[in-house]
Amino acid sequence: MSASEYDAELDARGLFCPEPVMMLHNRINDVQPGGVLRVVATDPSTTRDIPRFCQFLGHELISRAEADDLFIFLIRRGQ
């Protein structure tokens, strides 16, 4: 993923539930509606928590991937 694919990034590596989602809740507000936030995490619980976060708060989970023990998400901010 290149930086041109997203507008901001949240590095949540080394953090454990519920910290990544708490940080995501704050960081997504820094992105304009329609903008894309890239989240990088190491906690496997983010594979469950981040899709739920998006569903409940009206954000679009564009993609998620796993590589080298990293979980990478692209989230488009809703209104």
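Participant: Which parts of the structure should I look at to understand the overall build of the chain?
Facilitator: On a plain count of helices and strands, the chain comes out with two helices and four strands. Over its C-alpha atoms the chain spans a radius of gyration of 11 Å, differing by no more than 12% from the 12 Å that the globule rule assigns to 79 residues. For the chain, the spread of C-alpha atoms along the principal axes amounts to about 30 × 25 × 15 Å. The contacts of the chain with a sequence gap of at least 6 include a subset with a gap of at least 24, amounting to 67%.

Participant: In this structure, what is going on with unusual backbone geometry? I would like to understand it.
Facilitator: Glycine aside, residues mostly have negative phi angles, and peptide bonds mostly take the trans form. Along the chain, C17 connects to P18 via a cis peptide bond; the corresponding omega equals 10°. By secondary structure assignment, the location of P18 is in the loop between β1 (8–12) and α1 (19–27). The phi dihedral of D68 is positive, around 50°, even though this residue is not glycine. Take D68: it is sitting in the loop between β3 (60–67) and β4 (70–76). Unusually for a residue other than glycine, D69 sits at a positive phi of about 65°. Take D69: it is sitting in the loop between β3 and β4.

Participant: Even after reading the chapter, I still don't get the nonpolar core, so can you show me in this structure?
Facilitator: A general tendency of soluble globular proteins is for nonpolar side chains to be buried together. Grouped together as the largest cluster of nonpolar side chains are 13 residues, with contacts concentrated most on L24, I28, L37, V39, I50, F73 and I75. Of all the secondary-structure elements, those providing two or more residues to this core are β1, β2 (36–41), α2 (46–57) and β4.

Participant: What's the story with the side chain of R38 in this structure? I'm lost.
Facilitator: Looking at where R38 falls in the secondary structure, it is placed in strand β2. For R38, the side chain forms a polar contact with the side chain of E9, separated by 2.4 Å.

Participant: Honestly, the environment of I72 in this entry has me stumped. Any pointers?
Facilitator: By secondary structure assignment, the location of I72 is in strand β4. A relative accessible area of 10% places I72 in the buried class. Sequence spacing of I72 and V40 is 32 residues, and the spatial spacing of their C-alpha atoms is 4.7 Å.

Analysis parameters
Residues numbered from 1 in each chain as written. Predicted model: local features only at pLDDT ≥ 70, side-chain atom pairs only at ≥ 80, totals over all residues. Heavy atoms only, no water. Helix = DSSP H or I, 4+ residues; strand = E, 2+ residues; numbered from the N terminus. Rg over C-alpha atoms; globule rule 2.2 N^0.38 Å. Contact = heavy atoms within 4.5 Å. Core = buried A, V, L, I, M, F, W, Y, C linked by side-chain atoms within 4.5 Å. Buried < 20%, exposed > 50% of the residue type's maximum accessible area, 1.4 Å probe, protein only. Polar contact = N/O pair within 3.5 Å; in protein donor to acceptor, adjacent residues only side chain to side chain.

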